[in-house]
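Below, each chain spelled out in residue letters.
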Protein chains: 2
Amino acid sequence: MKQETDGLTAEAALFHALSDPSRLLIVRHLVLGEHRVVDLTAHLGLAQSTVSKHLACLKDCGLVTSRPEGRASMWSLNHSDELLEVLGTAERLLDLTAVSPGHHYEDHHG
Amino acid sequence: MKQETDGLTAEAALFHALSDPSRLLIVRHLVLGEHRVVDLTAHLGLAQSTVSKHLACLKDCGLVTSRPEGRASMWSLNHSDELLEVLGTAERLLDLTAVSPGHHYEDHHG
DNA sequence: ACCTAGCATCGTCGGGTGGCGATGAAGCAG
DNA sequence: CTGCTTCATCGCCACCCGACGATGCTAGGT
């Protein structure tokens, strides 16, 4: 029998990982390639401990991976294709949602 | 100019709306069609106030809409196609994530 | 008019979470 | 070895959030 509840929780956890602006910023930055914690720290303007915690959160969901390189850790996305598809579809959904009130819809759908 | 920060916050809010098992369950139930609050209440086993709050949350993100019908409110999904695409891609991402790297398990849930 | 059904909202409470600084381990430079 | 850098973890704090019950409103039934 299929564990709907379990899958639901896992899916909720995945979305939770993406439900924070800082983490989204981290993900978008990792799209560009591997980055160290200190790089993300400088880019986000957050404390190093905060960034590490965010990375741990993303790692728990399997979205990112850390590769040790000397004293540093190189972080990168795990399944960037699917992840970007999720983000892209979400943005499209936002575009559809963000229609200004009072603005009437034009009936040509592309 | 484009407010990246604002879009980020909106996207985070969208994912936040999907980051709760109860809300995911509501969405999946609304896929089947319109439903009243009391129906969802019975289906989820949650208090009516809780369900109303979840629906308000989903409504704030533009994911659902309420249509007044008598004393009741019929709730339905807004952009079910794109929303289902987001959920589907997320599940696919979970499938990829659930596999430990280096160890290819033969047991796939299904 | 009166009661019931359905719903949104408010107040509350316990747990979860993001933010920070401090600490300690691990690796590079001298 | 000493010192510096980088990072993960811990403790703390403020805030957010999901859960509930209670309240009040509206619509339909009698």
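Provided above is the structure to which this section pertains.
Remember, predicted model here, so these are calculated numbers, not experimental data.

Colleague: Please explain the protein's contact with DNA strand D as it appears in this structure.
Modeller: Around DNA strand D, 23 residues are found, and the nearest of them are Val38, Gln48 and Ser52 of chain A together with Arg23 and His54 of chain B. Backbone atoms, meaning sugar and phosphate, make up 61% of the atoms of DNA strand D lying within 4 Å of the protein. Backbone polar atom of valine 38 of chain A to a phosphate oxygen of DNA strand D: 2.6 Å apart, as the coordinates give it. Side-chain polar atom of lysine 53 of chain B to a base nitrogen of DNA strand D: 2.8 Å apart, as the coordinates give it. Grouping the constituent residues of the surface near DNA strand D by class yields 6 nonpolar, 10 polar and 7 charged.

Colleague: Would you mind going over the relation of the copies chain B and chain A with me for this structure?
Modeller: Copy one and copy two of the chain differ by a rotation about a common axis and a shift along it. Least-squares fitting of chain B to chain A yields an RMSD of 0.1 Å, with the transformation described by 0.0 Å of translation along the axis and a rotation of 180°. Here the transformation between the copies is reduced to the relation of a two-fold axis. Mapped onto chain A, 100% of the interface residues of chain B are again interface residues, and the two copies thus contact each other with one and the same surface.

Colleague: Whenever I open this one, the protein's contact with DNA strand C confuses me. Can you help?
Modeller: Taken together, 23 residues form the shell around DNA strand C, and within it Arg23 and His54 of chain A together with Val38, Gln48 and Ser52 of chain B come nearest. Among the atoms of DNA strand C lying within 4 Å of the protein, the sugar-phosphate backbone contributes 62%. The contact in question runs from a phosphate oxygen of DNA strand C to an N or O atom on the side chain of histidine 54 of chain A, over 2.2 Å. Valine 37 of chain B places a polar main-chain atom, nitrogen or oxygen, 2.9 Å from a phosphate oxygen of DNA strand C. Elements with a contribution of two residues or more to the surface near DNA strand C: α2 (21-30) and α4 (48-60) of chain A together with α3 (37-44), α4 (48-60) and β2 (72-77) of chain B. Across the surface near DNA strand C, the residue classes break down as 6 nonpolar, 10 polar and 7 charged.

Colleague: Just to check I follow, could you spell out the pattern of salt bridges for this structure?
Modeller: Between side chains of opposite charge, pairing is possible as soon as their charged atoms come close. Summed over all chains, the structure comprises 10 salt bridges over all chains. One salt bridge connects arginine 28 of chain B with glutamate 11 of chain A, and the closest N-O pair in it is separated by 2.8 Å. Here glutamate 11 of chain A lies in helix α1 (residues 4-17) and arginine 28 of chain B lies in helix α2 (residues 21-30), a pairing that spans two chains. Given the relative accessible area of 26%, arginine 28 of chain B is considered partly exposed.

Colleague: For this particular structure, what's the right way to read the packing of aromatic side chains?
Modeller: The way to describe two aromatic rings as a pair is by their centre distance and the angle between their planes. According to the stated counting rule, one finds 1 aromatic pair over all chains in the structure shown. Between phenylalanine 15 of chain A and phenylalanine 15 of chain B the ring centres are 6.0 Å apart and the planes differ by 20°, which places this aromatic pair in the stacked class. With phenylalanine 15 of chain A in helix α1 and phenylalanine 15 of chain B in helix α1 (residues 4-17), the pair connects residues from two separate chains. Classification of phenylalanine 15 of chain A as buried rests on a relative accessible area of 0%.

Colleague: Teacher, can you tell me more about helix α5 (residues 80-97) of chain A here?
Modeller: An α-helix turns once per 3.6 residues; consequently, residues spaced three or four apart project the same way. Residues and elements named next belong to chain A. The terminal C-alpha atoms of α5 lie 25 Å apart, and with 18 residues this matches the ideal 26 Å at 1.5 Å per residue to within 8%. What α5 keeps buried is the set Leu83, Val86, Leu87, Thr89, Ala90, Leu93 and Leu94. Buried positions in α5, seen along its axis, are confined to an arc of 165° and lie on one side of it. Along α5, exposed side chains directed more than 90 degrees from the buried face belong to Asp81 and Asp95.

Colleague: How should the side chain of threonine 89 of chain B be read in this particular structure?
Modeller: By the secondary structure assignment, threonine 89 of chain B is in helix α5 (residues 80-97). At 2.7 Å, the side chain of threonine 89 of chain B and the backbone oxygen of glutamate 85 of chain B are in polar contact. With residues near it in sequence (within four places) discarded, threonine 89 of chain B still touches Glu82, Glu85 and Val86 of chain A.

Here is what the cut-offs are and how they apply
Residues numbered from 1 in each chain as written. Chains lettered and ligands numbered in written order. Predicted model: local features only at pLDDT ≥ 70, side-chain atom pairs only at ≥ 80, totals over all residues. Heavy atoms only, no water. Near = heavy atom within 4 Å. Polar contact = N/O pair within 3.5 Å; in protein donor to acceptor, adjacent residues only side chain to side chain. Nonpolar A, V, L, I, M, F, W, Y, C, P; charged D, E, K, R; others polar. Least-squares fit on C-alpha atoms with pLDDT ≥ 70 in both. Contact = heavy atoms within 4.5 Å. Helix = DSSP H or I, 4+ residues; strand = E, 2+ residues; numbered from the N terminus. Salt bridge = Lys/Arg side-chain N within 4 Å of Asp/Glu carboxyl O. Buried < 20%, exposed > 50% of the residue type's maximum accessible area, 1.4 Å probe, protein only. Phe/Tyr/Trp six-rings, centres within 6.5 Å; stacked < 30°, edge-to-face > 60°. Expected span 1.5 Å × (residues − 1). Arc of directions from axis to C-beta.

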